Structure formats: C-alpha cells, structure tokens
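Single-letter residue listing:
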Amino acid sequence: MTEQSGSEQQGGFPRRDAEGRVRTLGDLLGVCLAGLVIGALALVLFDWAFASLGAGDFGHTNGWLAVILPAWLFWDDFRAWSFGAARVVAAVVAAAVGVFVGLLIAGLAAGLPTLLSGTLAAGAFTVAYAMIWFPGVRWLTRRTG
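Residues numbered from 1 in each chain as written. Predicted model: local features only at pLDDT ≥ 70, side-chain atom pairs only at ≥ 80, totals over all residues. Heavy atoms only, no water.

## Let's talk about the overall build of the protein
As a reminder, the rule being used: Only runs of H or I of at least four residues qualify as helices and only runs of E of at least two qualify as strands under DSSP, and these elements are numbered from the N terminus. When accessible area is computed with a 1.4 Å probe and restricted to protein chains, residues below 20% of their type maximum are described as buried, those above 50% as exposed, and intermediate ones as partly exposed. For this analysis, residues touch if any pair of their heavy atoms sits within 4.5 Å. In these tables, accessible area is a Shrake-Rupley quantity obtained with a 1.4 Å probe, and a residue counts as shielded only by the protein chains included in the view.
Helix and strand counts for the protein stand at four helices and zero strands. Taking all 145 residues of the protein together, 38% fall into the buried category. Sequence separation of 24 or more characterises 66% of the internal contacts of the protein that already satisfy a separation of 6 or more. Surface accessibility of the protein: about 8,600 Å² in total, with carbon and sulfur atoms responsible for 70%.

## Section: the environment of Ile-105
Note on placement: Ile-105 falls in helix H3 (residues 85–108). Once you skip the residues sitting within four places of it in the chain, Ile-105 turns out to touch Leu-120, Ala-121 and Ala-124.

## Thoughts on the side chain of Asp-77
Relative to the assigned elements, Asp-77 resides in helix H2 (residues 68–80). Once residues lying within four places of it in the same chain are set aside, the contact partners of Asp-77 are Gly-20, Arg-21, Val-22 and Trp-133.

Laid out in structure tokens, this is it:
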C-alpha cells in the first residue's frame, strides 16, 4: 500500500485535492465529456421512446439538455472553492464564454435536427466553460490572495 499526502483525497474520479477541487484540467474535461455523452445517449433513448409512442417526431428534443451532468460537476467544483469573488468572476466569465460559443455552434448547426444541434452546442459550451473556469479560478485566486 502506498500513502497519499494530506493534500489529496483518495480514490474516485475525477481526482480531487483535499478541499474537493478537481486537480487537473484533463480530469475535468474527461468527466464532463463522459457526462455529456451519457446525457446525449439518455436524450436519444427518451426521444426514441416518445417518438415510438407517437408523442412527436424523433430528433426534436432539445439537445442542450445533455449539459446537465457537466453542469453538475461544474457546480460541485464551484462549491469546493472558498467563498470569494475569484470563484464568482471565473464562473460568470466561463458561463458567458460557454453560452456564446454554444449559441454560435447551435447557429452554425441550425439545419440539423434540434437533438443533434443542441448536443453539439452543449459540447461546445462544456469545453469552453472548462477551458475558462479551470485556469481562470486558479489564476484569480492567486491574484486576489
């Protein structure tokens, strides 16, 4: 058996530090993208089930709903940071950039079924948010003390 230092929690993925914050950007992106795929598959399953029951056409579910699991992880990581302006500013900027990128992708994919265009937009939002949030909150926390 190996001992882990007090600055790291044992087990689990994504790996977290002692305060419960995700340790690496790769872990954050990996878990978020896995959650996005699970969310998209669940949407496809529900959409197919409702379409087979005659409750609508397949592919018309809002694909943005696939962002639920990544948003849950972002919220969990947000809560792990100590109270202060750094985490709020980083989250607001990351959300603004993420929504902008997601809407841009949704606009470019407007000709596709809403399930597909929304899922692509949710993926773009997820990546953009993670790429801004992870380094941004750390940089702001160091700058503000």
